[in-house]
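# Observations on the model geometry
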Amino acid sequence: MDKRIILFILLSLLILLSWSAFVTKPYSIDNKEVAQQTSTAIPSPVPVATQSIPSANDEAETPNTALFDFNQKNFSVVFDEPKAAIKEIVFKSYKSYKFPLKYGLLLGDKNLIFKKQNVLPDSVTFTYDDATKKISKQFIFSNSKYDMVLSIKIKNLTTAPLNVNLPVFLGLIDFAKKQEEAQFIDLTVATAEKTLHPNAHKDALFSDLKFLGLRDRYFCAIIEPDKINNYIGFVKKLSPQVSEVGLQSQELVLAPNQEIEHKFSIYIGPQELRLINQVKPEWASVIYYGTFDFIAQVLLQLLEFLFNLAHNWGVAIIILSILIYLILLPLSLKQMRSMKQMQALQPHVEELKKNYKDNPQRLNKEIMALYSQHKVNPLSGCLPLLLQMPIFFALYQVLMRSVALKGSSFLWIKDLSEPDRLFLLPISLPVLGNEINILPIVMAIGMFVQQKISTFSAGGTSASQQKIMLIVMPVVFGFIFYRMPSGLVLYWLINSALMLVYQIRLNQTK
Amino acid sequence: MLQKISLKLLKIYQGYIRTVLPCACRFSPSCSEYTKQAIERYGFLRGAFKGLGRLLRCHPFSGRSGYDPLE
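What counts and what doesn't
- Residues numbered from 1 in each chain as written.
- Chains lettered and ligands numbered in written order.
- Predicted model: local features only at pLDDT ≥ 70, side-chain atom pairs only at ≥ 80, totals over all residues.
- Helix = DSSP H or I, 4+ residues; strand = E, 2+ residues; numbered from the N terminus.
- Buried ≥ 20, exposed ≤ 12 C-beta atoms within 10 Å, placed from the backbone.
- Contact = placed C-beta atoms within 7 Å.
- pLDDT = per-residue confidence, 0-100.
- Pairing = 2+ DSSP bridges.
- Axes fitted to C-alpha atoms, helices over the stretch in contact; angles between N-to-C directions.
- Domains from an automatic or database assignment.
- Nonpolar A, V, L, I, M, F, W, Y, C, P; charged D, E, K, R; others polar.
- Core = buried A, V, L, I, M, F, W, Y, C linked by C-beta atoms within 7 Å.
- Parallel < 35°, antiparallel > 145°, perpendicular 65-115°, else oblique.
- Left-handed = near helix turned anticlockwise from the far one by under 90°.

## Thoughts on the overall build of chain B
- In terms of helices and strands, chain B carries 3 helices and 2 strands.
- Across the 71 residues that make up chain B, the buried fraction comes to 30%.
- Long-range contacts, defined as pairs at least 24 residues apart, comprise 57% of the intrachain contacts of chain B with a sequence gap of at least 6.

## Quick look at the overall build of chain A
- In terms of helices and strands, chain A carries 12 helices and 21 strands.
- Every one of the 510 residues in chain A was classed for burial, and the buried ones make up 34%.
- Partitioning the contacts of chain A with sequence separation of at least 6, the portion at a separation of at least 24 is 63%.

## As for unusual backbone geometry
All names here are of chain A.
- For Asp208, which is not a glycine, the phi torsion comes out positive at approximately 50°.
- Mapped onto the elements of the fold, Asp208 is located in the loop between strand E13 (204–206) and strand E14 (209–215).
- Exposure remark for Asp208: the 15 C-beta atoms within 10 Å place this residue in the partly exposed category.

## Some points on the confidence of the model for chain A
All names here are of chain A.
- Overall, the predicted model of chain A reaches an average pLDDT of 75, with 78% of residues at or above 70.
- No element of chain A has a lower mean pLDDT than helix H2 (residues 31–41), which averages 41, and none a higher one than strand E15 (residues 219–225), which averages 88.
- A low-confidence stretch, residues 15–52 stays under pLDDT 50, and its non-local contacts, those more than four residues away or across chains, total 45 contacts.

## Comments concerning the sheet that holds strand E4 (residues 97–104) of chain A
All names here are of chain A.
- In space, the 4 strands of this open sheet follow the order E1-E2-E3-E4, with antiparallel pairing throughout. Only two strands of the sheet have a single partner each, and these edge strands are strand E1 (67–71) and E4. Neighbouring strand axes in the sheet, compared pairwise and without regard to direction, differ in orientation by 20° on average.

## Points about the domain arrangement of chain A
Residue and element names in this part refer to chain A.
- Split by domain assignment, chain A resolves into domain 1 (42–57 + 64–288) and domain 2 (308–509).
- Listed as interface residues are 8 residues of domain 1 and, on the opposing side, 5 residues of domain 2.
- Along the lines of polarity and charge, the residues of the side of domain 1 that touches domain 2 split into 4 nonpolar, 1 polar and 3 charged.

## Description of the nonpolar core
Residue and element names in this part refer to chain A.
- Formed by 112 residues in total, the largest nonpolar core has its most connected members in Leu212, Ile222, Ile223, Ala394 and Val398.
- Counting residues domain by domain, this core receives three or more from each of domain 1 (42–57 + 64–288) and domain 2 (308–509).
- The contacts of Ile222, once residues within four sequence positions are left out, are Phe211, Gly213, Ile266, Tyr267, Trp283 and Val286.

## Points about the pairing of strand E16 (residues 232–237) of chain A
All names here are of chain A.
- The element E16 is extensively covered by neighbouring structure, given that 5 of its 6 residues are classed as buried.
- Sheet topology note: the E16/strand E17 (residues 242–248) ladder contains 6 bridges and is antiparallel. Bridging across to E17, Ile232 finds its partner in Gln248.
- What sits between E16 and E17 in their antiparallel hairpin is a turn of 4 residues.

## Observations regarding the packing of helix H5 (residues 293–310) of chain A against helix H6 (residues 313–327) of chain A
Residue and element names in this part refer to chain A.
- Viewed as axis vectors pointing N to C, H5 and H6 meet at an angle of 125°, and their least axial separation amounts to 8 Å. Taken together, H5 and H6 sit at an angle that is classed as oblique. Here H5 and H6 pass one another in a crossing that is right-handed. Contacts between H5 and H6 involve Leu302, Leu303, Leu306, Phe307 and Ala310 from the first element and Trp313, Val315, Ala316, Ile319 and Leu320 from the second.

## Comments concerning the confidence of the model for chain B
- Within chain B, residue pLDDT values average 80, and 89% of them lie at 70 or more.
- Of the two predicted TM-score estimates for the complex, the pTM is 0.70 and the ipTM is 0.78.

## A short note on the packing of H5(A) against helix H9 (residues 383–401) of chain A
All names here are of chain A.
- For the pair H5 and H9, the least separation of the axes is 9 Å and the interaxial angle reads 65°. Seen along the crossing, H5 lies across H9 with a hand that is right-handed. Residue-level contacts link Ile295, Ala296, Leu299, Leu300 and Leu303 of H5 to Pro390, Ile391, Ala394, Leu395, Gln397 and Val398 of H9.

## Focus: the environment of A:Phe206
All names here are of chain A.
- Mapping Phe206 onto the fold places it in strand E13.
- For Phe206, a count of 25 C-beta atoms within 10 Å gives the class buried.
- Separated by 15 residues in sequence, Phe206 and Thr191 place their C-alpha atoms 7.2 Å apart.

## Quick notes on the environment of A:Tyr502
Residue and element names in this part refer to chain A.
- Following the sequence through the fold, Tyr502 ends up in helix H12 (residues 486–509).
- Its 16 C-beta neighbours within 10 Å are what place Tyr502 among the partly exposed residues.
- Sequence separation of Tyr502 and Tyr325 is 177 residues, and the distance between their C-alpha atoms is 11 Å.

## Structural notes on the environment of A:Arg362
- Residue position: A:Arg362 is located in helix H8 (residues 360–373).
- Assessed through the 12 C-beta atoms surrounding it within 10 Å, A:Arg362 is described here as exposed.

## Details of the pairing of E14(A)
Residue and element names in this part refer to chain A.
- For E14, the tally of buried residues reaches 7 of 7 residues, placing the bulk of the element in the interior.
- Taken together, the 6 bridges between strand E11 (residues 186–191) and E14 define a ladder with antiparallel strand orientation. In the strand pairing of E14, Val189 is matched with Leu212.
- The sheet contact formed by E14 and E15 spans 4 bridges and is antiparallel. By the bridge assignment, Leu214 is partnered in E15 with Ala221.
- Turn length for the E14-E15 hairpin, with the two strands adjacent in sequence and antiparallel, is 3 residues.

## What to know about the sheet that holds E11(A)
Residues and elements named next belong to chain A.
- Strand order in this open sheet of 9 strands is E5-E6-E7-E8-E19-E15-E14-E11-E12, and the pairing throughout is antiparallel. Only two strands of the sheet have a single partner each, and these edge strands are strand E5 (115–120) and strand E12 (195–196).
- Bridging between E5 and strand E6 (residues 123–129) involves 5 bridges; their strand directions are antiparallel. Directly across from Lys116, in E6, lies its bridge partner Phe126.

Here it is, written out as structure tokens:
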């Protein structure tokens, strides 16, 4: 192969790796710093004290009678009437998945009790009025897509100037509810300068806000205020497990009889690039895959492209696995060529063996010298193996969060986002439970075989240790993979099967 | 502190994980041993950096192999 192509592949891989390692890391800035920066950035006359943000969730739960469903084509919204907020959204096209916001888009004052005013096919209006002001809140839906507009109108009914300072909540983060899902909860804060994924367990304020995003495993809610209103994003910790996220405007003074309108663009839907791009491509930064985000984004695009070709996620994953194997193949091929060259050197080695019969240490050194002189080596090195890791971690994130995989079947696998569950046992086994997943078991066996043929036997105590590890490692990996999405196990299985075939061929070359 | 933790981790790697990996280093001493020595001698940051440099050399296209001790 052309040397420049190889160099190009290696360099681009290096860039991929260092990009995610050096560029994305600084985004996870400690919230405290951000808060400090923010407070200096805000012009001084504007009072922004965290205490001034009233909590939305001090009250007891609203009785079910005050809830009502508002149906759209793809989802139905469960509104909480007195709060004029969204309790949760049920996605009909995704197995009725419930995305809880628990008072999402609440106007932050618990004393306000709204009344449902007007329910049209594409909008819902709530109103509130007292002696001093009149507030109306209108949710306007687009029906076919997952975006909506929230319009808040406030009118001063008095003859004196009226101060209003009402935060808008995006939602409540509850880490306690579903333990296994809590790890997927994530915040996105985009300011004029950068996009952050702050820790939701700490209080923080963000000035120059562009938009706010909140997501669970599959779905997300994004809110963007109109630019002119200059909102500040906030995260407020209510308890160790619960935090609130929302927007805080500067304090407004309404002249007598003045009415103001604040508009917010909102997306509440699946974390699918295609759907978010349709509404606003900028918002796609909500879909963030951690340290190896860059690789993950590339993999996601590739996977979607393959799905469009194959129309089956299982097939797409298999092709992806083969593709990644092919990308790393130059490294393997080089090693194979190195093996062949070594065979050519074999007569020299035999000669050395004769010369240094009684000095094995000297012999080894001479052989090593011979190899490096001819620039060959039987071993591929540590880097090729290490290259697999970032790809695997990135793919893990993509598959775990991919809503498209949910409910997609492949062969006997009913759902690629869950373990394959070939059959269920009548009794429940310890640790493994009552389901039999065949993919992780096959993978563990394959791993055992691969180790058996590829490890170099060592002498003495490490030999017995090696034998134990030969069994322990596949078992440990089997357990780790047992509960993982079958799509991911499928990827790993295909990849290690290809490696195994390569290894066997390599041994034959020897 | 970081130095001690990283040395411990490298020891665990050498004791348990390396024995079963198909990975076999082109150099002597191996990448992990090299990194260990580097961290011992230069402290965590510089040592880890030296180890990383060694790792980046440890692939079939580097054209180098064999005896490559820490200078």
